[in-house]
Amino acid sequence: MNEEYDVIVLGTGLTECILSGIMSVNGKKVLHMDRNSYYGGESASITPLEDLYKRFNLPGTPPESMGRGRDWNVDLIPKFLMANGQLVKMLLYTEVTRYLDFKVIEGSFVYKGGKIYKVPSTEAEALASSLMGLFEKRRFRKFLVYVANFDENDPRTFEGVDPKKTTMRDVYKKFDLGQDVIDFTGHALALYRTDDYLDQPCQETINRIKLYSESLARYGKSPYLYPLYGLGELPQGFARLSAIYGGTYMLNKPIEEIVIENGKVVGVKSEGEVARCKQLICDPSYVSDRVTKVGQVIRVICILSHPIKNTNDANSCQIIIPQNQVNRKSGLLASATCLHQLTWEPRARSSFLALTTPPLTLRRRAMTSKIFIRG
């Protein structure tokens, strides 16, 4: 370890692993260390289940009814990937997809008036949906056609809207959309947590809705993808990329000191050895005295014994709860995943049995489909 590196990276979160992989591909000599014995940092997928109990200091061990501990991968920060989003494009461009398998999330749902409704993914579902009335459906369809045709580089598609000045609230008024439809659009399609976007220029929101529509067009069921064995696979994929191009990885490596000389970082000390570097990248937990807490996100992990009600027994789904539906300052997001086939003992028949289809392998060719709106 007593060597000099171009870059030392501390922490194996997704951001750190992406940077490590890119720098290794570009010929940099990279040393990547983590104090933990696993990849992923705060966004790790914990397995086996016994380790989850230890992490949160839960008493005892998982009950036998939950099956084998190694059959579980529990994400600490669960997130879905947009099928046509920047991260998926990066995975394809760097060919990290060769190390990963994905599943299409079975559906997206929205909470309204105490009930859960499916976000329509086909024209037939849209016509049958009780999310909005018949006349609202027509107005909403005109809005979606406008969004699909919108091109920020072609003023002919603006239809009197200035995307850099006209607020999203005014765009909704232009199409005479009601409050329930606005909640549904802003939170379930554009995926905003608050309603602050309503008084901001509409360009960002329109692009978000276009991304949702284009992602939905890829695989049909929903716009979301998910790594088959949890989000912890993503940083590991980029770590493999870095290792192929000469990057050095060390897990379970305590960091004793960040060495600074003349006001500049020049190395990292671990277990009595110093690795010198020209550049240091680390997650905030390694320099807690140099960061300021500016916010907080509350997350809850629930292990269910059954599918979520009113989701058609979906093995995986996302449920958006708009802020206006629960009288909060921000919306809520619930992600449910059960992507692996589990075998339960007969006495545990009440447990949620997940029967899955074969995994999805991403290839560049898979990202070339276009969106069509039939009128």
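Structure shown above.
Residues numbered from 1 in each chain as written. Predicted model: local features only at pLDDT ≥ 70, side-chain atom pairs only at ≥ 80, totals over all residues. Heavy atoms only, no water.

1. Structural notes on the overall build of the protein
- Within the protein, the regular secondary structure consists of ten helices and 15 strands.
- A buried classification covers 44% of the 375 residues belonging to the protein.
- Put simply, of all contacts in the protein between residues at least 6 apart along the chain, 67% involve residues at least 24 apart.
- Summed over its atoms, the accessible surface of the protein is roughly 20,900 Å², and 50% of this surface lies on carbon and sulfur atoms. (Helix = DSSP H or I, 4+ residues; strand = E, 2+ residues; numbered from the N terminus. Buried < 20%, exposed > 50% of the residue type's maximum accessible area, 1.4 Å probe, protein only. Contact = heavy atoms within 4.5 Å. Areas by Shrake-Rupley, 256 points an atom, 1.4 Å probe, with all protein chains shown as cover.)

2. What to know about the environment of I18
- Tracing the chain through its elements places I18 in helix α1 (residues 14–25).
- Residues I18 and L91, spaced 73 residues apart in sequence, show a C-alpha to C-alpha distance of 9.7 Å.

3. Topic: the packing of helix α5 (residues 134–149) against helix α8 (residues 203–219)
- Packing of α5 against α8 brings their axes to within 9 Å, and their N-to-C directions diverge by 95°. Relative to α8, the element α5 is oriented roughly perpendicular. Taking contact as the criterion, the partners of F143, L144, Y146, V147 and A148 in α5 are, on α8, I206, I209 and K210.
- In terms of residue class, the contact of α5 with α8 is made up of seven nonpolar, no polar and one charged. (Axes fitted to C-alpha atoms, helices over the stretch in contact; angles between N-to-C directions. Parallel < 35°, antiparallel > 145°, perpendicular 65-115°, else oblique. Nonpolar A, V, L, I, M, F, W, Y, C, P; charged D, E, K, R; others polar.)

4. Quick notes on the packing of aromatic side chains
- What the rule picks out here adds up to 13 aromatic pairs.
- With centroids separated by 6.0 Å and ring planes inclined at 50°, the aromatic side chains of Y39 and Y249 adopt a geometry described as tilted. Within this pair, whereas Y39 is found in the loop between β2 (30–33) and β3 (45–46), its partner Y249 is found in strand β10 (residues 248–250), the two being separated by 210 residues in sequence.
- Here a set of aromatic residues connected by ring pairs shows up, and it is made of F140, F143, Y146, F150, F158, Y172, F175, F184, Y192 and Y197.
- Seen from the ring of Y286, R35 lies directly overhead, with NZ or CZ sitting 3.8 Å from the centre.
- A cation sits over an aromatic face here: K174 above F175, 5.9 Å from the ring centre. (Phe/Tyr/Trp six-rings, centres within 6.5 Å; stacked < 30°, edge-to-face > 60°. Lys NZ or Arg CZ within 6 Å of the ring centre and 35° of its normal.)

5. Here's the deal with a nonpolar patch on the surface
- Taken together, the side chains of F56, L58, I301 and I303 define a hydrophobic patch exposed on the protein surface, amounting to about 340 Å² of accessible area.
- Locating I301 in the fold gives a position in the loop between β13 (273–282) and β14 (316–321). (Patch = residues over 30% accessible without salt bridge, like charges linked within 9 Å, V, L, I, M, F, W, Y side chains within 5 Å. Salt bridge = Lys/Arg side-chain N within 4 Å of Asp/Glu carboxyl O.)

6. Some remarks on the pairing of β2
- Residues V30 and H32 line one face of β2 and the alternating positions L31 and M33 line the opposite face, and both faces are buried.
- Strand direction decides the pairing type here: strand β1 (residues 4–10) and β2, joined by four bridges, are parallel. Following the sheet pairing, L10 is matched in β2 by M33.
- A crossover links β1 with its parallel partner β2, the connecting element being α1, and its sense is right-handed.
- Of the strand pairs in this sheet, β2 and β10 are connected by three bridges, and their pairing is parallel. (Pairing = 2+ DSSP bridges. Right-handed = clockwise from strand over helix to strand, strands pointing away.)

7. Structural notes on the nonpolar core
- Counting 53 residues, the largest nonpolar core has F143 and F184 as its most contacted members.
- A per-element tally of this core places helix α7 (residues 179–189) first, with five residues.
- If we skip the residues at most four places from it in the chain, F184 touches V110, V119, P120, L131, M132, F140 and L189.
- A44, L52, W72 and I77 belong to the second-largest nonpolar core, a separate cluster that totals ten residues. (Core = buried A, V, L, I, M, F, W, Y, C linked by side-chain atoms within 4.5 Å.)

8. Concerning the sheet that holds β1
- Strand order in the open sheet formed by six strands is β10-β2-β1-β13-β12-β11, with mixed pairing between adjacent strands. Both outer strands of the open sheet, β10 and β11 (257–261), are each paired with one neighbouring strand and no more. Pairs of neighbouring strands in the sheet enclose a mean axial angle of 40°, with direction left out of account.
- Helix-sheet contacts for α1 involve β1, β2, β10 and β13, and the interaxial angle to β2 is about 160°.

9. Digging into the pattern of salt bridges
- Summed over the entire model, instances satisfying the criterion amount to twelve salt bridges.
- One salt bridge connects E95 with R98, and the closest N-O pair in it is separated by 2.7 Å.
- Assessed through its relative accessible area of 39%, E95 is described here as partly exposed.
- Salt-bridge contacts for R276 lead to E261; the nearest nitrogen and oxygen are separated by 3.4 Å. With R276 in strand β13 and E261 in strand β11, this residue pair connects regions lying 15 residues apart in the sequence.

10. Section: helix α3 (residues 86–94)
- Every buried residue of α3 is listed here: V88, L91, L92 and T94.
- Looking at the packing, one finds that the buried side of α3 touches β5 (81–82), β6 (102–104), β9 (224–227) and α9 (233–244).
- The positive-phi residue at the C-terminal boundary of α3 is E95, with phi of around 65°.

11. Quick look at the side chain of T166
- You can see T166 is positioned in the loop between α5 and α6 (168–174).
- With near-sequence residues (within four places) excluded, T166 lies in contact with V161, V171, Q200, P201 and C202.

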